[in-house]
Amino acid sequence: TLVLPRVESCRLSLLASAGLDTAAVRAPSHPIARELIAASGVPIAAPSANRSGAISPTRPEHVVESLGSAVDLVIDGGPCDVGLESTVLDLTMPKPTLLRHGGTTREAIEAVIGPVEEGPAIGGAGALHSPGQLESHYAPRAAVRLNASVTEPGEVLLGFGRVAGTLNLSPSGELVEAAANLFAMLRTLDARGNARIAVAAIPEQGLGIAINDRLRRAAAPRSPPR
């Protein structure tokens, strides 16, 4: 997702960019999404297909569970290949700046355009320029504990590699497989009514950076309900 400056003649509604003087644009790779855009004949502005702050959907049934009767139709494109949201790159800054790590790694971006800057840390001060920058986000109902190797009382373990668990993101330690399984497995464990989900350590490299970003936000303290 590229964050770009709006020009004065921009016809995009301010409602689609939260009233900001920037707009976030992406071109999906999924053939069904591309066919939908082509059939509409116009760019499509839309939010994510889930409740804000909750675990992101990676399968059609997740969308149905999250939104229910609030939507009339769900297009079934099968499970997500990557399982993580897009990488967000801000091109309105003096240097290209990563606002959110995602399915495209920093290394892949830098191989094309050269060095990029790292955006504000989770919960940092300043205005939010992009979705997914909230400190608490992608969160299940259960509390989340990170870098676990064994369970504590009242916990269920989401494993990775040699750290076995009730479910394992990738028994072989493959980050691509772990990314594809992350949200679906968090949903499965959360649906079982566990009070807390412990998650095994994920390497802080490649897609692991984006996975750990989502896990840290899932584990962040939450504001009390109003």
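Anything mentioned here points back to the structure above.
Being a predicted model, the structure only gives us computed values, none of them experimental.

Visitor: Would you mind going over the overall build of the protein chain in detail, with residue names and values included?
Guide: When helices and strands are tallied, the protein chain shows 5 helices and 9 strands. Seen in sequence order, the protein chain has helices and strands lined up from the N terminus as β-β-α-α-β-β-α-β-β-β-β-α-β-α. Computed over C-alpha atoms, the radius of gyration of the protein chain comes to 18 Å, within 12% of the 17 Å expected from 2.2 N^0.38 for 226 residues, which places it in the range of a compact globule. Expressed as lengths along the three principal axes of its C-alpha atoms, the size of the protein chain is roughly 60 × 45 × 40 Å. The burial tally for the protein chain puts 38% of its 226 residues in the buried class. If you sum the accessible surface of the protein chain, you get close to 13200 Å²; carbon and sulfur atoms cover 57% of it.

Visitor: Break down the sheet that holds strand 9 (residues 196-199) for me, with residues and values.
Guide: The 4 strands are arranged 6-9-7-8 in an open sheet whose pairing can be described as parallel. Of all the strands in the sheet, just strand 6 (143-145) and strand 8 (167-168) have a single pairing partner and so form its edges. The pairing of strand 7 (residues 155-159) with strand 9 spans 4 bridges and is parallel. Residue pairing for strand 9: Leu157 is matched across the bridge by Ala198.

Visitor: Talk me through unusual backbone geometry; I want residue IDs and the actual numbers.
Guide: Of note in this structure, Ala18 is not a glycine but carries a positive phi near 55°. Counting through the fold element by element, Ala18 comes out in the loop between strand 1 (2-5) and strand 2 (22-25). Positive phi, normally seen in glycine, also occurs at Asn147, with a value near 55°. On the secondary structure map, Asn147 appears in the loop between strand 6 and strand 7. Using a relative accessible area of 59% as the deciding quantity, one classes Asn147 as exposed.

Visitor: Talk me through the pattern of salt bridges; I want residue IDs and the actual numbers.
Guide: Close approach of charged atoms lets side chains of opposite charge pair. Summed over all chains, the structure comprises 13 salt bridges. Between Glu65 and Arg187 there is a salt bridge; the shortest N-O distance is 3.7 Å. Of this pair, Glu65 sits in helix 2 (residues 60-67) while Arg187 sits in helix 4 (residues 175-191); the two residues are 122 residues apart in sequence, bridging distant segments of the chain. Exposure remark for Glu65: the relative accessible area of 57% places this residue in the exposed category. The exposure class assigned to Arg187 is buried, which follows from its relative accessible area of 14%. Among the ionic pairs, Glu85 bridges to Arg214, the shortest N-O distance being 2.8 Å. With Glu85 in the loop between helix 2 and strand 3 (88-90) and Arg214 in helix 5 (residues 207-219), this residue pair connects regions lying 129 residues apart in the sequence. Accessibility assignment for this pair places Glu85 and Arg214 in one class, buried. One continuous salt-bridge network, built from bridges that share partners, spans Glu85, Asp213, Arg214 and Arg217.

Visitor: Explain the sheet that holds strand 1 residue by residue, including any values.
Guide: Sheet architecture is open: 5 strands sit in the order 2-1-3-4-5, paired in mixed fashion. In the strand order of this sheet, the two ends are held by strand 2 and strand 5 (117-118), each with one partner. Pairing of strand 1 with strand 2 involves 4 bridges; the strand directions are antiparallel. Paired with Leu4 across the strands is Ala23, a residue of strand 2.

Visitor: Any chance you could break down the side chain of Asn168 for me, citing the residues and the numbers?
Guide: Structurally, the position occupied by Asn168 is in strand 8. Residue classification places Asn168 among the buried residues on the basis of a relative accessible area of 16%. In this structure the side chain of Asn168 is engaged in a polar contact, spanning 3.3 Å, whose partner is the backbone oxygen of Val163. Engagement of the side chain of Asn168 in a polar contact is seen with the backbone nitrogen of Ser170, the distance being 2.9 Å. Filtering out sequence-adjacent residues up to four positions away, Asn168 remains in contact with Gly159, Phe160, Gly161, Val163 and Met185.

Cut-offs applied
- Residues numbered from 1 in each chain as written.
- Predicted model: local features only at pLDDT ≥ 70, side-chain atom pairs only at ≥ 80, totals over all residues.
- Heavy atoms only, no water.
- Helix = DSSP H or I, 4+ residues; strand = E, 2+ residues; numbered from the N terminus.
- Rg over C-alpha atoms; globule rule 2.2 N^0.38 Å.
- Buried < 20%, exposed > 50% of the residue type's maximum accessible area, 1.4 Å probe, protein only.
- Areas by Shrake-Rupley, 256 points an atom, 1.4 Å probe, with all protein chains shown as cover.
- Pairing = 2+ DSSP bridges.
- Salt bridge = Lys/Arg side-chain N within 4 Å of Asp/Glu carboxyl O.
- Polar contact = N/O pair within 3.5 Å; in protein donor to acceptor, adjacent residues only side chain to side chain.
- Contact = heavy atoms within 4.5 Å.

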